[in-house]
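Residues per chain, in single letters:
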Amino acid sequence: MIKGIYHSLAERKRQGKKSFAVLIDPDKANDQNMEQLIMLAVEARVDYLLVGGSLVVSNYVDECVQLIKKNCNIPVILFPGSPSQVSKYADALLYLSLISGRNADLLIGQHVVSAPAVKQSGLEIIPTGYMVIDGGAPTTVSYISNATPIPADKNEIAVCTAMAGEMLGMKLIYMDAGSGAKRAITEDMIAKVAAMIEVPLIIGGGILEPEKAYLNCKAGADLIVVGNAIEKNASLIKEMAAAVHSVPVAV
Ligand code: 1GP
């Protein structure tokens, strides 16, 4: 089930190249703002478009993904908060297990219920250890997941959680301070986690400035995800992507 998208991510990591993804919340997207966003994303050479969110109430997921696929070649990866956000039109799906929480439903329960539909979708499925890190304020993900985030200064908990996720077979680790977090994840935590795992590390939540994205990558992030900051100011796409792509390849 692991196919092209994962291989591209893993290969970019192997080469020391950093990747940039824009997160699109289908509840806030419409045909007009999507067209502008797609144009900017193509120009900025964005590597991936993530579609989804912890709580999506609109029925726009399928349409949103189809619109992207019609207008550009940037791979679309689903980042679903629930099984209802699975769209067969995407390229891949982050098959998220909330390994930082102790909510059995988000560790395995929803996966069992949705397994036949997910398999039938034909999507590339990427097992992803999802870790919510305290971002200084309750976020939608912390409320919806009903799970305690990892405290922002408890690096050792984050490291052990990521290691356990990798040993359980997760192909990606996604550390998220939550959409609109007041504080993004510290470089210290990113560096410590990155040093102990081999799979690509995704970092997101509360990244507002290109400089922060750059520092996160220098610390060890392989893929940076930005949503809110770009929703507020779409022209940031270019600077964010450029910052991530300017990180020197480690030798
Ligand atoms: C949230 O990591 C993403 O799940 C992106 O967060 O919207 O704060 O950029 P922001």
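Refer to the preceding data block for the structure.
Residues numbered from 1 in each chain as written. Predicted model: local features only at pLDDT ≥ 70, side-chain atom pairs only at ≥ 80, totals over all residues. Heavy atoms only, no water.

**Q** In this structure, what is going on with a nonpolar patch on the surface? I would like to understand it.
**A** Nonpolar side chains collect at one region of the surface, where Leu55, Val57, Tyr143 and Ile144 lie side by side and expose about 470 Å² of accessible area between them. In this fold, Tyr143 is placed in helix 5 (residues 140-145). The exposed category is assigned to Tyr143, whose relative accessible area is 69%. (Patch = residues over 30% accessible without salt bridge, like charges linked within 9 Å, V, L, I, M, F, W, Y side chains within 5 Å. Areas by Shrake-Rupley, 256 points an atom, 1.4 Å probe, with all protein chains shown as cover. Salt bridge = Lys/Arg side-chain N within 4 Å of Asp/Glu carboxyl O. Helix = DSSP H or I, 4+ residues; strand = E, 2+ residues; numbered from the N terminus. Buried < 20%, exposed > 50% of the residue type's maximum accessible area, 1.4 Å probe, protein only.)

**Q** Just checking my understanding: could you explain the pattern of salt bridges for this structure?
**A** A side chain of one charge can pair with a side chain of the opposite charge when the charged atoms of the two come close. In this structure the tally under the stated criterion is nine salt bridges. One salt bridge in this structure joins Arg12 and Asp47, with 3.4 Å as the shortest N-O distance. You can see Arg12 sitting in helix 1 (residues 4-14) and its partner Asp47 sitting in the loop between helix 2 (31-44) and strand 2 (48-51), a full 35 residues away along the chain. For the pair shown, Arg12 and Asp47 are each scored as buried. A salt bridge links Lys69 to Asp91; the nearest nitrogen and oxygen atoms lie 2.7 Å apart. Of the two residues, Lys69 sits in helix 3 (residues 61-71) while Asp91 sits in the loop between strand 3 (76-78) and strand 4 (92-98), which places them 22 residues apart along the sequence. You can call Lys69 partly exposed: its relative accessible area is 30%.

**Q** Explain the site of the ligand to me, please; I cannot follow it from the model alone.
**A** Around the ligand, 13 residues are found, and the nearest of them are Asp176, Gly180, Gly206, Gly227 and Asn228. Within the side chain of Asp176, one N or O atom sits 2.5 Å away from an oxygen atom of the ligand. The contact in question runs from an oxygen atom of the ligand to an N or O atom on the backbone of Gly180, over 2.7 Å. Contact with the protein chains covers 97% of the free accessible surface of the ligand, which is 310 Å². (Near = heavy atom within 4 Å. Polar contact = N/O pair within 3.5 Å; in protein donor to acceptor, adjacent residues only side chain to side chain.)

**Q** Could you clarify how one ought to interpret the packing of aromatic side chains in this entry?
**A** Where two aromatic rings form a pair, the distance of their centres and the angle of their planes describe that pair. On inspection of all chains with the given rule, the structure shows three aromatic pairs. Their ring planes at 20° and their centres at 5.0 Å tell us that Phe79 and Tyr174 sit as a pair that is stacked. Here Phe79 is found in the loop between strand 3 and strand 4, whereas its partner Tyr174 is found in strand 6 (residues 172-176), with 95 residues between them in sequence. Taken as a pair, Phe79 and Tyr174 share a single burial class, namely buried. With relative accessibility at 1%, the residue Tyr174 sits in the buried group. Pairwise contacts between aromatic rings join Phe79, Tyr130 and Tyr174 into one cluster. (Phe/Tyr/Trp six-rings, centres within 6.5 Å; stacked < 30°, edge-to-face > 60°.)

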